[in-house]
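Remarks on the overall topology
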Amino acid sequence: MPGSRITALGHHQPGKVLTNDDLAGLVDTSDEWIRQRTGIVTRRIAETESVTDLAAAAAGKALASSGLAPDEIDMVVVATCSAMDRCPSIATQVAGRLGVPSAVGFDVNNGCAGFCTALATADHALRAGAARHALVIGAEKMSDVTDWTDRSTCVLLGDGAGAAVLSHDPTGGGVGPVVWGSDPTRGHAVRLDDGWQPRFRQEGQTVFRWATTALVPIAEEACRRAGITPAELGAVVTHQANLRIVEAITRRLGADRAVVARDVVDSGNTSAASVPLALAKLVERGEAPSGAPALLLGFGGGLSWAGQVVTCP
Ligand code: ACO
């Protein structure tokens, strides 16, 4: 069966670092509270860069690392929920920036599950022969949708982007079958309110309980469909919402040999960007070696989830 594989990764974050102490100057919070409840120490904030800028920077690095020419890319997919541009899509804007001349380009909005959803969508297109090389990007400027007066959410969010080049592979897949779905009955628990000036809101404890219980069987199913056990995973890259959630899922999964992405500590919650950002950094540092099976698991607004096992490039 033909499939697809990730051949290169890239990541980009803006230069401005926002510390917990900086936030304690804005709202009634403290470094101690934020570290204990979330594990977050810093996050990056884009002052001048747009979602398109962040996406293009990460995608440009992935494309350069792949060795492909821009005209070999025939699909660009951007996962984002914070982009204000509706049309043209962020994906076609990124294609234009990178000199990709004629790819199909579209955006995917599935909250923090967006990158894994986009990856599965591109994988299915490559399997079907509808494209040969895809750029799949997660990019968010969460600072645009943050209520900087709400201490329960403003301490969580950050900006950034991660990107993967996905190539057709006639011998089979480095991207395993996706497990995806949603629970709309709990859709109110994570949302962007207030219409044209949206603000991130969430029922933190509802999401926390759901994430630490319902997602473990989904992660197990992604491993089963990929033909491995959790104990065989080389890396676990879940959505970086909260360090306590990351560690609870990994512990319950029994992924004892896996290196675990903890990028939330440095980057906060970057929604659809968090999985590719964290994966790209693990691979760049050599912590997730080439050929290692890595579980990707996105979850968030919807409530939605998407996960698959991929082979590290
Ligand atoms: N600093 C100090 N105190 C605070 C802060 C803060 N930044 N934020 C809230 N508090 C207070 C609350 O007011 C409350 O005070 P009270 O007891 O006097 O009423 C107390 O701390 C406890 O608040 P909780 O909300 O119960 O705190 P909790 O331990 O649940 O931690 C958190 C909150 C970190 C948000 C946690 O619930 C969480 O991580 N949830 C999951 C988030 C998530 O995974 N989101 C993913 C989806 S994101 C997406 O899709 C884009």
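Residues numbered from 1 in each chain as written. Predicted model: local features only at pLDDT ≥ 70, side-chain atom pairs only at ≥ 80, totals over all residues. Heavy atoms only, no water.

Definition in use: UniProt positions are given in the numbering used here, feature names are shortened, and annotations may be inferred rather than shown by experiment.
As annotated in an unreviewed UniProt entry, the protein chain carries the name Beta-ketoacyl-[acyl-carrier-protein] synthase III and is attributed to Kitasatospora aburaviensis. Quoted verbatim from the Subunit (unreviewed entry) heading of the UniProt record, the comment on the protein chain is "Homodimer." As stated in UniProt under Catalytic activity (unreviewed entry), the record for the protein chain gives "malonyl-[ACP] + acetyl-CoA + H(+) = 3-oxobutanoyl-[ACP] + CO2 + CoA".

1. Points about the UniProt feature "domain: Beta-ketoacyl-[acyl-carrier-protein] synthase III C-terminal" (unreviewed entry) in the protein chain
We apply this condition: What counts as a helix is a DSSP run of H or I of at least four residues, what counts as a strand is a run of E of at least two, and both are numbered from the N terminus.
Within this structure's numbering, the places UniProt gives as "domain: Beta-ketoacyl-[acyl-carrier-protein] synthase III C-terminal" (unreviewed entry) are residues 223-311. Overall, residues 223-311 shows 34% helix and 25% strand. The separation of its end C-alpha atoms is 12 Å.

2. Let's talk about helix H5 (residues 114-127)
For the record, the criterion: How far a helix is expected to stretch is found by multiplying one less than its residue total by 1.5 Å. Accessibility here uses a 1.4 Å probe with only protein chains present; expressed as a share of the type maximum, an area under 20% marks a residue as buried, one over 50% as exposed, and anything in between as partly exposed.
Between its first and last C-alpha atoms H5 spans 20 Å; for 14 residues at 1.5 Å apiece the expected length is 20 Å, and the two agree. With 11 of 14 residues buried, H5 is to be regarded as a mostly interior element. Within H5 the residues assigned to the buried category are Gly114, Phe115, Cys116, Thr117, Ala118, Leu119, Ala120, Ala122, Asp123, Ala125 and Leu126. Just downstream of H5, Gly129 is the residue with a positive phi angle, here 85°.

3. Quick word on helix H4 (residues 90-98)
Heads up, the rule is: For this quantity, the arc is that covered by the directions from the helix axis to the C-beta atoms. Contacts are residue-level and defined by heavy atoms, with any inter-residue pair within 4.5 Å sufficient.
Listing the buried residues of H4 in full gives Ile90, Ala91, Val94, Ala95 and Leu98. Along the axis of H4, the buried residues cluster in a sector spanning 140°; they form a single face. In the core, the buried residues of H4 are packed alongside helix H3 (51-66), strand E4 (75-79), strand E5 (104-108) and strand E6 (133-141). In the stretch just after H4, Gly99 is the one whose phi turns positive, near 75°.

4. With respect to the domain arrangement of the protein chain
Threshold: Segmentation into domains, and thus their bounds, comes from an automatic or database assignment. Here's the idea: put two parts together, see how much 1.4 Å probe accessible area each one loses, and the total over both is what we call buried area. A side-chain nitrogen of Lys or Arg and a carboxyl oxygen of Asp or Glu constitute a salt bridge if their distance falls within 4 Å.
As far as domains go, the protein chain holds domain 1 (3-169) and domain 2 (179-311). A C-alpha centroid distance of 15 Å is found between domain 1 and domain 2. In this assembly, 50 residues from domain 1 lie in contact with 42 residues from domain 2. Taken together, both faces of the contact between domain 1 and domain 2 bury some 3,500 Å²; the carbon and sulfur share is 63%. Area buried by domain 1 at its contact with domain 2 is led by His11, Cys112 and Cys116, which between them contribute 18% of it. Taken together, the links from domain 1 to domain 2 amount to two salt bridges. When the shortest N-O distance is used, the salt bridge between Arg201 and Asp150 registers 3.9 Å.

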